[in-house]
Amino acid sequence: MERRIAASPPGLCPVDMSLSFLQLCHAQTCGKCVPCRIGLGQLTLLINQVLDGEATMETIAIIEKTARSIVNTADCAIGRDAARLVVEGLEGFRDDYEEHVKHNRCLAGLQNPVPCVALCPAGVDIPGYMALVGEGRCADAVRLIRKDNPFPTACAYICEHPCEARCRRNMVDDAINIRGLKRYAVDHAGVVPQPECAPATGKKVAIIGGGPSGLSCAYYLALMGHGVTVYEEREQLGGMLRYGIPDYRLPQDILDRDINYILSAGIAVHTGVSIGKDLTMADIQRSFDAVYIAIGAHNDKKLGLEGETSKNVVSAVELLRGIGEGKAPDFTGKKVCVVGGGNVSMDATRTALRLGAESVTCVYRRRVEDMTALAEEIEEAMAEGCQILPLQAPSRIEADENGCVCALWTRPQHIGPYGSDGRPKPVAADAPEFRIPCDYVIVAIGQAIEAKPFEAVGVTTQRGAIQADLTSAVPGLDNVFAGGDAVSGPATVIRAVAAGKVAADNIDAYLGFDHKIHTDVEIPPAHLTNSPPCGRVNLKNRHLDCYCGDFTLLKEGMTLEEAQQEAGRCLRCDHFGYGIFKGGRNTEW
C-alpha cells in the first residue's frame, strides 16, 4: 500500500484510500463467511468514524484487531486482501489515523485525487483543459485555466510544470506534455472574453507589487467586485516575468497579453511608485480596507568572497533586470563565469552567450544532477555551447591591477552524505585550487527582499522573508496580507500565482464576503478508449547558426496534429481511477 500511495498524488489521504478500497472489496465478496460479510462492514463503520471525527484512540486499536482477525479467518482472497490493506495502512500511516482522531484533520492537506491537479500549486483543472484542446476548443481551455490562473500565457511558456511529475501516463510510457498543450491553447485561443465582475462592494484593496502574485490577487479581487489599485515600483508591470526572464523564453509582447487581460477587469495601476519614498505604508493602510504586499525578491545575494567588490562582478538579477529595461551590456569577446545552479543561473548563462561572450562557464559546487534548474534548461545551455563545471566551490575572485576581474578561483569538491534538503552535500576535496580565467563573474546564488519600508509599520521578517500565516495575513496587523516570493523566498511563477489566489480568497473573507470564482465551461465527457504506448511530443527549438544577439523566441509550439495526439494520451484521471470515488473536479473556489 505504501508503494501505491507513493505513486499517487500528494495529498491523497491514506485513511480515505483504505476506506474506498475496503468498500470496493466488500461490494464484491460472496458474503458466505462471517469475516467478510460482517467484519468488512464493521471495519467500514469504524474507519468512517475516524474520518468523521467521532473516533477515539481506542477505535484505532479496534480497527487493527478486527482487520488482523479478518486476515486470519476470511475464506476468500478478497476479504483477506481488503483487511490486509487496512493493517498495512495502519502500520505505514498511523500518524494520519491519529491526526484524524485527535484533531479531526488530515495530514495530507489536499483533497484533489487527480495527480496533476494536486501537484499544480494553483489547482488548475488540467485534465479539463487538455480535453478541450483535444476537441479544438482552445478559447474554452484558456477560460477554464483562468478560473485558477490568470497568467495562462506566461505559464504556457515558462512554467516549471510540476504537474507532470506524477502524471499517471508515466505508468504507460511518459508524462503528458502539459505545458506544451497549454502553449497550443493560448497560441490558438484568439480573443477570450472577460468574465463578468460581481457587483461593486464599495471596498478598496491596495496591491503593493505588480508581479505575478500581486496581479493574480488583483484580478480575482476585481472579479469579486472590490476596487483594486496596484502600486508598482518599476515603470512596467510584470515583476520577475518582465525583469528576470529573458525574451528568448518569454517575449515581452506575449507577457503583455496576460497583463492587459488582467487589467481589463477594471484595475487601477500606479507605476514608478516606491513605498517608503513616494508613499508610506501607513498612508496606504489608512486609505484602503486591505493591503496585499507582493513585492517579490528582487535584491541579489552576495557570495561573501574575497574580491567580490571587483569591477565586472555583477548579480544575475541585476543583469537580467537591466536587459528587461533595455540596458543590455556588451560581452563581445569576453570570458564569463556564472556561479549558481538554479534556473536564474541558466538564464544568465544563456543570456551571456547571446550578449556576445566568447565563452560562458557555469560553476556549481554540486553535481549536474543536483542542480535545481530544469533538466531541459541545463541540456539546452550545454547544446548552445555553454560549459557546466560541477563540483567546484568558488573560493575567491582575482582582480588585475585596474581592479577588474581576471579570474575565478574554485576549490574542488567531492560528493558526500545526504543533507536535510534531500540532496547529497559537497565536501571539500584534497586537491589544489582551480583557476578559471574570466572577464566577468555573474552571481546567481539567490535573491532577497527589501522590507525596511514595511518593517516601519510592524511587518515582521525572518531570514529575509516577510512573515505571514497560511491565510496570507501578516500577524499583528489588522488589514495587511502578504504572499509570493516576499514570503516564500524565490520560487516559481505558478507558486506566486497560487499565493495571489489564496490571498484574494482570504482578503474577500476578511472584508465580510464569500464570493465564488467559477466558469461555465463544459468539459467534454471522458470516453473509455484504448491507450496504447505512444511517444511524448516535445517542443522543438528553432535552428540557429549563431546565438549572439538573438533574443527572439526559441521554442516552437505544437502543430494541430501533435496537440491532438498529445491530448489523446491523457488517461482522464478526473473521471477514471480514484477520480471516480471522489470526483475529479472543483468547479469553483
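Throughout what follows, the structure given in this document is the object of discussion. (Residues numbered from 1 in each chain as written. Predicted model: local features only at pLDDT ≥ 70, side-chain atom pairs only at ≥ 80, totals over all residues. Heavy atoms only, no water.)

## Side note on the nonpolar core
Alright, step 1. Among the nonpolar cores identified, the biggest contains 83 residues, and Phe151 and Ile507 are the most heavily contacted of them.
Alright, step 2. Among all residues touching isoleucine 507, those that are not within four sequence positions of it are Val205, Cys217, Leu221, Ala290, Tyr292 and Phe481.
Alright, step 3. Within the second largest apolar cluster, 27 residues are counted, among which are Val314, Met346, Ala352 and Ala444. (Core = buried A, V, L, I, M, F, W, Y, C linked by side-chain atoms within 4.5 Å. Buried < 20%, exposed > 50% of the residue type's maximum accessible area, 1.4 Å probe, protein only. Contact = heavy atoms within 4.5 Å.)

## Structural notes on the pattern of salt bridges
Alright, step 1. Under the defined criterion, the tally for this structure stands at 37 salt bridges.
Alright, step 2. Arginine 350 is the salt-bridge partner of glutamate 380, the closest N and O atoms lying 3.1 Å from each other. You can see glutamate 380 sitting in helix H18 (residues 375-383) and its partner arginine 350 sitting in helix H17 (residues 343-354), a full 30 residues away along the chain. Arginine 350 shares its class with glutamate 380; the two are buried.
Alright, step 3. Residues arginine 396 and glutamate 433 are paired through a salt bridge, measuring 3.2 Å at the closest nitrogen-oxygen approach. Linking arginine 396 in strand E10 (residues 392-399) with glutamate 433 in the loop between strand E12 (424-428) and strand E13 (434-437), this pair joins segments that are 37 residues apart in sequence.
Alright, step 4. For glutamate 433, a relative accessible area of 27% translates into the label partly exposed.
Alright, step 5. Three or more residues joined by partner-sharing salt bridges are found here, namely Arg249, Asp347, Arg350, Arg354, Glu377, Glu380, Glu384 and Lys555. (Salt bridge = Lys/Arg side-chain N within 4 Å of Asp/Glu carboxyl O. Helix = DSSP H or I, 4+ residues; strand = E, 2+ residues; numbered from the N terminus.)

## A look at the sheet that holds strand E8 (residues 359-363)
Alright, step 1. In space, the five strands of this open sheet follow the order E6-E14-E7-E8-E9, with parallel pairing throughout. In the strand order of this sheet, the two ends are held by strand E6 (313-315) and strand E9 (387-389), each with one partner. This sheet shows a mean twist of 25° between the axes of neighbouring strands, independent of strand direction.
Alright, step 2. Sheet analysis places strand E7 (residues 335-339) next to E8, joined by five bridges and oriented parallel. Looking across to E8, one finds that valine 336 is bridged to valine 360.
Alright, step 3. Helix H16 (residues 316-324) contacts E6 and strand E14 (440-443) of the sheet and is inclined by roughly 75° relative to E6. (Pairing = 2+ DSSP bridges. Axes fitted to C-alpha atoms, helices over the stretch in contact; angles between N-to-C directions.)

## Observations concerning the sheet that holds strand E2 (residues 227-232)
Alright, step 1. Read from one edge to the other, the open sheet built from five strands follows the order E3-E2-E1-E4-E18, with strand pairing classed as parallel. At either margin of the open sheet sits one strand with a lone partner, and together these are strand E3 (268-271) and strand E18 (480-482). Here the average twist between neighbouring strands, direction ignored, is 20°.
Alright, step 2. Two strands pair when backbone bridges link them, and strand E4 (residues 290-293) and E18 are joined in this way by three bridges, in the parallel orientation. Looking at E18, one finds that tyrosine 292 is bridged to phenylalanine 481.
Alright, step 3. Across the sheet, helix H21 (residues 493-510) is in contact with strand E1 (204-208), E4 and E18; its angle to E4 comes to roughly 165°.

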